[in-house]
Amino acid sequence: MTIRDNIQTIGERIRAAEQHFGREAGSVELLAVSKKHPAASIREAIATGQTQFGENYVQEMVEKAAELAGRGIEWHFIGPIQSNKTRLIAATARWVHSVDSVKIAQRLSEQKPADAPDINICLQVNISDEASKSGVAPAALPELAAQVAGLPGICLRGLMAIPAPEPDVERQRAVFAQVRHLQESLIAQGFALDTLSMGMTDDMEAAIAEGATIVRIGTAIFGVRH
Ligand SMILES: *Cc1c(COP(=O)(O)O)cnc(C)c1O
């Protein structure tokens, strides 16, 4: 299978899941997660019309962005964020999915180049993976959202989650449903949110069933990472 074939297959799976779970056609966007894969693989994906790419490591994203400049890519940063790397992220990424502190959000807000559009932000919520240090606790979410939503230069779009691996689809769905409920509760409190970034290669359909608007797919497009 080529990268082109894989992207076509994933696109078909997304459309099928939208239909099956009563989601509007075209409401789920594919983010191609290209971490640890070379620029040549990204070029293959671009040739299919894919424009949204996700990276976890700042240096890798910056290098690829330089190599692939002028090709219409929008970079999404989805990895853990160290505060000394926010300037590079703010200069490169259109989206940052992994914001989990007001400090990081403030730095992105201050460091965004003046001529760049607002950076789209998702707050990463620590939903099922107690062992993980990333993500804000659900109870702390409303306060963080309130602090982030007012910052200039960034636009709070929604939530991101990386649940602990779980083979059972019903249990996958139960966790994603919790994320959706957190989002609904924020919307009820007046936050204008339209993005749920959830679902990877092994739990994509469950995420779409529970309202994902961006699925982050690496392995099923680019193959196994080394
Ligand atoms: C690596 C990664 C993905 C892609 O995972 P696959 O299982 O390869 O599809 C998605 N989201 C995040 C945050 C990742 O780190």
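Note that the structure is a prediction, hence the values are computed from the model and not measured.

Moving on, we get to the overall build of the chain. Helix and strand counts for the chain stand at nine helices and eight strands. On C-alpha atoms alone, the chain measures out to a radius of gyration of 17 Å, which is about the 17 Å that the 2.2 N^0.38 rule sets for 226 residues. Taken along the three principal axes of its C-alpha coordinates, the chain extends 45 × 40 × 30 Å. Across the chain, the fraction of contacts at a sequence separation of at least 24, relative to all contacts at a separation of at least 6, is 57%. By element, 51% of the accessible surface of the chain is carried by carbon and sulfur atoms, the whole surface being about 10600 Å².

A word on the site of the ligand. Lining the immediate environment of the ligand, one finds Val33, Lys35, Asn56, Ile78, Ile162, Met200, Thr201, Arg216, Ile217, Gly218, Thr219 and Arg225. Within the side chain of Arg216, one N or O atom sits 2.8 Å away from a nitrogen atom of the ligand. Contact between the ligand and Arg225: an oxygen atom at 2.9 Å from a side-chain N or O atom of the residue. Here the ligand, which alone exposes 390 Å², has 91% of that area covered by the protein. Among the residues forming the shell around the ligand, the class breakdown is five nonpolar, four polar and three charged.

If you trace the backbone, Leu186 turns up in helix H7 (residues 169-188). C-alpha of Leu186 to C-alpha of Ala145: the two residues are 41 residues apart in sequence and 8.1 Å apart in space. Leu186 has contacts with Leu141, Pro142, Ala145, Leu159, Phe191 and Leu193, leaving out every residue within four places of it along the chain.

Let's shift gears to the pattern of salt bridges. Summed over all chains, the structure comprises 12 salt bridges. Where Glu60 meets Lys64, a salt bridge forms, and the shortest distance between an N and an O atom there is 2.6 Å. Linking Glu60 with Lys64, this pair stays in helix H3 (residues 58-67), spanning four residues, or about one helical turn. Look at Glu60 and you get buried, because its relative accessible area is 18%. If you follow the salt bridges from partner to partner, you end up with Arg173, Arg180, Glu184 and Glu210 in one network.

This part covers the UniProt feature "modified residue: N6-(pyridoxal phosphate)lysine" (unreviewed entry) in the chain. This chain's UniProt record puts "modified residue: N6-(pyridoxal phosphate)lysine" (unreviewed entry) on Lys35. Following the sequence through the fold, Lys35 ends up in the loop between strand E1 (29-33) and helix H2 (39-46). With residues up to four places along the chain from it excluded, the contact list for Lys35 reads Gly54, Glu55, Asn56, Tyr57, Glu60, Lys64 and Arg225.

Burial within strand E4 (residues 95-99) is extensive, with five of its five residues counted as buried. Note that strand E3 (residues 74-77) and E4 share two bridges and pair parallel. Across the sheet, His76 pairs through a bridge with Trp95, a residue of E4. In this sheet, strand E5 (residues 119-124) lies alongside E4 in parallel orientation, the contact comprising three bridges. Paired with Trp95 across the two strands is Asn120, which belongs to E5.

Criteria and cut-off values
- Residues numbered from 1 in each chain as written.
- Predicted model: local features only at pLDDT ≥ 70, side-chain atom pairs only at ≥ 80, totals over all residues.
- Heavy atoms only, no water.
- Helix = DSSP H or I, 4+ residues; strand = E, 2+ residues; numbered from the N terminus.
- Rg over C-alpha atoms; globule rule 2.2 N^0.38 Å.
- Contact = heavy atoms within 4.5 Å.
- Areas by Shrake-Rupley, 256 points an atom, 1.4 Å probe, with all protein chains shown as cover.
- Near = heavy atom within 4 Å.
- Polar contact = N/O pair within 3.5 Å; in protein donor to acceptor, adjacent residues only side chain to side chain.
- Nonpolar A, V, L, I, M, F, W, Y, C, P; charged D, E, K, R; others polar.
- Salt bridge = Lys/Arg side-chain N within 4 Å of Asp/Glu carboxyl O.
- Buried < 20%, exposed > 50% of the residue type's maximum accessible area, 1.4 Å probe, protein only.
- UniProt positions renumbered as here; feature names shortened; annotations may be inferred.
- Pairing = 2+ DSSP bridges.

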